[in-house]
Amino acid sequence: MKEVTKFYKRFVFNFKKKINLDIEVIDNKSLNELFNHFGTDKGTKVLNPYSRESNEIHGHGFAKFYEKEFKYYKNKKLNILEIGTWEGASSAAFLNYFPNAIIYCIDKNFRFKFKSKRITFFNCDINNKNDMNRFSIKFNSIKFKIIIDDASHILSDMIKSLKFFFRQLDSQGIFVIEDFNAPVYFGELNDAKGKELLMNDLLLNIKKKKKFKSNILSDSDQEYLFENISDVRIFKGKTKISDIAFISKK
């Protein structure tokens, strides 16, 4: 029944009218201005994108970290993977910020409302084996210079994303995890019941190349991360819950 429902949603999604970013003229803006323009909470001043009732103005203020980390890549030809795109606001912003990039967007929902010759949307749930197999088959030959995880923020999902997608990160690429401390602030997102390290401790152990107990990351997974990660940089954004990590690959 789930697969039938998914097929129907995909069918409707494919025929739904979308905003064509290739014909939208946007003046040269900073990344934060683009975030705010398209309405993603990565910016500094946006309406809550997850509530139709709230007029609250908020934003994580992540642009200053993104611009610092990504300035070398800004005008290069590269592939970017966004995990957890919702309606596609940040994807639209990144498309305009990186004029020569191909943006691959994955989300378990069919809410993506943009289209472009440089955007590929793929419906995918990291907890669905069929979805992950389809992703591997379809994108196995692609190496991503930048991967951004802004999906569920559930602890096990973040660890699974790092385990699976980091292997598709190109050499000297950057893997980003947004709001990685969400399970600390919102207990319902900590689904590991003490069997997994919280992300802050997990990232510190990886940085120190110190093994840890995990049901998701095997010893070989941890060895791969130890051998292939050159640095982990953690920053705090505009709000209490605005934590972001940049993980560089050798």
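Everything that follows concerns the structure shown earlier in this document.
Now for a quick tour of the structure. (Residues numbered from 1 in each chain as written. Predicted model: local features only at pLDDT ≥ 70, side-chain atom pairs only at ≥ 80, totals over all residues. Heavy atoms only, no water.)

## Observations regarding helix 5 (residues 129–139)
Part 1 of the argument: Among the residues of helix 5, those classed as buried are D131, M132, F135 and F139. Down the axis of helix 5, the smallest arc covering the buried residues is 95°, so these residues share one side. In helix 5, the exposed residues that point more than 90 degrees away from the buried face are K129 and I137.
Part 2 of the argument: Where helix 5 begins, the side chain of N128 points an oxygen toward the backbone nitrogen of N130, at a separation of 2.9 Å. (Buried < 20%, exposed > 50% of the residue type's maximum accessible area, 1.4 Å probe, protein only. Helix = DSSP H or I, 4+ residues; strand = E, 2+ residues; numbered from the N terminus. Arc of directions from axis to C-beta. Polar contact = N/O pair within 3.5 Å; in protein donor to acceptor, adjacent residues only side chain to side chain.)

## Side note on the sheet that holds strand 4 (residues 78–83)
Part 1 of the argument: Pairing is mixed in the open sheet, where seven strands are placed in the order 7-5-4-8-9-11-10. Edge strands, defined here as strands with exactly one partner in the open sheet, are strand 7 (119–123) and strand 10 (229–236). Ignoring which end each strand starts from, the neighbouring axes of this sheet average 15° apart.
Part 2 of the argument: Examined bridge by bridge, strand 5 (residues 101–107) and strand 7 share five bridges and lie parallel to one another. Bridged to I103 within strand 7 is I119.
Part 3 of the argument: Strand contacts of helix 3 (residues 63–70): strand 8 (144–149), strand 9 (169–178), strand 10 and strand 11 (243–249), with the helix running at about 10° to strand 11, the strand carrying the most contacts. (Pairing = 2+ DSSP bridges. Axes fitted to C-alpha atoms, helices over the stretch in contact; angles between N-to-C directions. Contact = heavy atoms within 4.5 Å.)

## A short note on the packing of aromatic side chains
Part 1 of the argument: Summed over all chains, the structure comprises 25 aromatic pairs.
Part 2 of the argument: Three or more aromatic residues joined by ring pairs make a cluster, and in this case those are F35, F65, Y66, F70, F94, Y97, F98, F235 and F246.
Part 3 of the argument: Over the face of the ring belonging to Y97 we find K74, whose NZ or CZ atom lies 4.5 Å from the ring centre.
Part 4 of the argument: The residue whose ring lies beneath K249 is F166, and the NZ or CZ to ring-centre distance is 5.1 Å. (Phe/Tyr/Trp six-rings, centres within 6.5 Å; stacked < 30°, edge-to-face > 60°. Lys NZ or Arg CZ within 6 Å of the ring centre and 35° of its normal.)

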